[in-house]
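Notes for the structure review
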Amino acid sequence: MFKKQFHSFFAYLWAFFRWMLTGMLIGVLLGVVGAVFAICVEKATHLRTHHDFLVWLLPVGGLLIALMYRLMKLPLSIGTDEIIKTVRTQGHVPLLMAPAIFLSTTLTHLLGGSAGREGAALQLGGSIGAWVGDLTHPKSDSRRIFELCGMAALFSALFGTPVTAAVFVLEIIEVGRINSRAFLPCFASSVTASLIAKLVGAPEEPWNLASGLQSIGAVSYLEAAVVGIACAAMAIVFCVAMHMGGKYFKKLIKNDYVRIFVGGAVVVALSMLLKTRDYNGGGMQVIFDALNGKADAWAFLLKLLFTMITLCSGFKGGEIVPSFFIGATMGCTVAGLIGMSPALGAALGLIGMFSGVTNAPIAAIIMSVELFGAEYLPLFGIVAAVAFMLSGHFSLYHAQMFTEPQLGHEEN
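Just so it is clear, the model here is predicted, and its values are computed rather than measured.

What about the nonpolar core?
- Ranked by internal contacts, the top residues of the largest apolar core, which has 130 residues, are Phe 168, Trp 207, Ile 287 and Phe 372.
- Top element by residues in this core is helix α6 (residues 143–159). It accounts for 12 residues.
- Not counting residues within four places of it along the chain, the set of residues in contact with Phe 372 comprises Trp 207, Leu 209, Leu 291, Ala 347, Leu 350, Ile 351, Met 367 and Phe 380.

Topic: the side chain of Gln 123
- Following the sequence through the fold, Gln 123 ends up in helix α5 (residues 118–136).
- Look at Gln 123 and you get buried, because its relative accessible area is 5%.
- Sequence-distant contacts of Gln 123, defined by excluding residues within four places in its chain, comprise Ile 78, Gly 79, Thr 80, Ile 83, Met 97 and Ile 101.

Some remarks on a nonpolar patch on the surface
- Side chains of Phe 53, Trp 56, Leu 57, Val 60, Leu 64, Val 258, Phe 261, Val 262 and Val 266 sit close together on the surface and give an oily, nonpolar patch of about 790 Å² of accessible area.
- Sorting the residues of the nonpolar patch by element identifies α2 (58–71) and α10 (256–274) as the ones contributing at least two each.
- Sorting elements by how many residues they give to the nonpolar patch places α10 first, with four residues.
- Mapping Phe 53 onto the fold places it in the loop between α1 (2–50) and α2.

Some points on the environment of Gly 113
- Along the chain, the position of Gly 113 falls in the loop between α4 (97–110) and α5.
- Residues Gly 113 and Leu 311 lie 198 residues apart in sequence; the distance between their C-alpha atoms is 8.2 Å.
- Beyond its immediate sequence surroundings of up to four residues, Gly 113 is in contact with Leu 58, Thr 108, Asn 280, Gly 281 and Thr 310.

Re helix α15 (residues 361–372)
- In this model α15 runs 16 Å from its N-terminal to its C-terminal C-alpha over 12 residues, within 8% of the 16 Å that 1.5 Å per residue would give.
- For α15, every residue scored as buried is listed here: Pro 361, Ala 363, Ala 364, Met 367, Ser 368, Leu 371 and Phe 372. One face of α15 carries all of its buried residues, which in axial projection span an arc of 150°.
- On the buried face of α15, the contacting elements are α6, α7 (162–172), α13 (320–338), α14 (342–358) and α16 (377–390).
- Directly beyond the C-terminal end of α15, a positive phi value near 90° is found at Gly 373.

Reading guide: rules and limits
- Residues numbered from 1 in each chain as written.
- Predicted model: local features only at pLDDT ≥ 70, side-chain atom pairs only at ≥ 80, totals over all residues.
- Heavy atoms only, no water.
- Core = buried A, V, L, I, M, F, W, Y, C linked by side-chain atoms within 4.5 Å.
- Buried < 20%, exposed > 50% of the residue type's maximum accessible area, 1.4 Å probe, protein only.
- Helix = DSSP H or I, 4+ residues; strand = E, 2+ residues; numbered from the N terminus.
- Contact = heavy atoms within 4.5 Å.
- Patch = residues over 30% accessible without salt bridge, like charges linked within 9 Å, V, L, I, M, F, W, Y side chains within 5 Å.
- Areas by Shrake-Rupley, 256 points an atom, 1.4 Å probe, with all protein chains shown as cover.
- Salt bridge = Lys/Arg side-chain N within 4 Å of Asp/Glu carboxyl O.
- Expected span 1.5 Å × (residues − 1).
- Arc of directions from axis to C-beta.

In structure tokens:
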């Protein structure tokens, strides 16, 4: 008996060091890649904001993206869903997906497409992580853990939220079930990547929320629940818009080149019509303004429209940063209507939308602490839980699976 326990101890010790080192190595590699990617996106955004004419080139940029995917023999529709599927099925992830999403996302931001960058993080990190797994463990189910490590590492490098990144990638694959084997390597890779990205010089976002915005009492909990309900409703609208938009864009315009060109032209036309660049790119400045209590009442609906046209027509990026924009501006507006601090409402809305569209409430709550501190943690917990529950089985990701119904079997 003692001998068996002794051997078991050393087996776990060996696995611990092996997975720690593996996670850290992936973290170093993707920390560098993530920092370079973040710098490229920041430079692209800086160029666009200082050279207004670049927005006019968005349709041409779309043609270049479609051509690049064609030359790399990748379908233009390939995205985060494929990464999620391969984690679950251990399918093959094309290595060329990494340079394709890197270049196309940077080009989308340079020319003013309304998109985020986390889609690129999950796709870029997942494809490189899967490549490392194919090289080192080609016949083992451990390769899926490498893929998760890559996703966590690049997400962490971009957002500077290592704990959120690790929990997020474990939570989104199958809602209600977490791959416990991947905990250690994912945390090792995400923490390492965050540190490496900072050393390389990745830009850090000023996620600040003033303290003492309002005291927490019974009314505050009710206000947070109201914001959570609004986030759930908006999460459903956003998910439906993205899925139906993609479906009908393809049905209406079957040719990839024509579709992405038309989509780019519509975004340009809307930008000129509204006489603002607030809805081009990720819109980080608008998010920060909302976190200071300032937001246009209809900004969240306009961002939804811009993002749907951009991504559904074929441009690349991600939906989570746009969901931050939508949640923050909507939360700021709703808070003003119910007597809550608009700045606090914006922060709650950002976290609530993230929880609602990704079905990752635990990661959302952890993100609230990593971005804004723990002062309002109970309110963030309420808004994340309410948004997750009321958004039902809607999700940004078609490939996301629910291990059990949201209401439970007995309520159905």
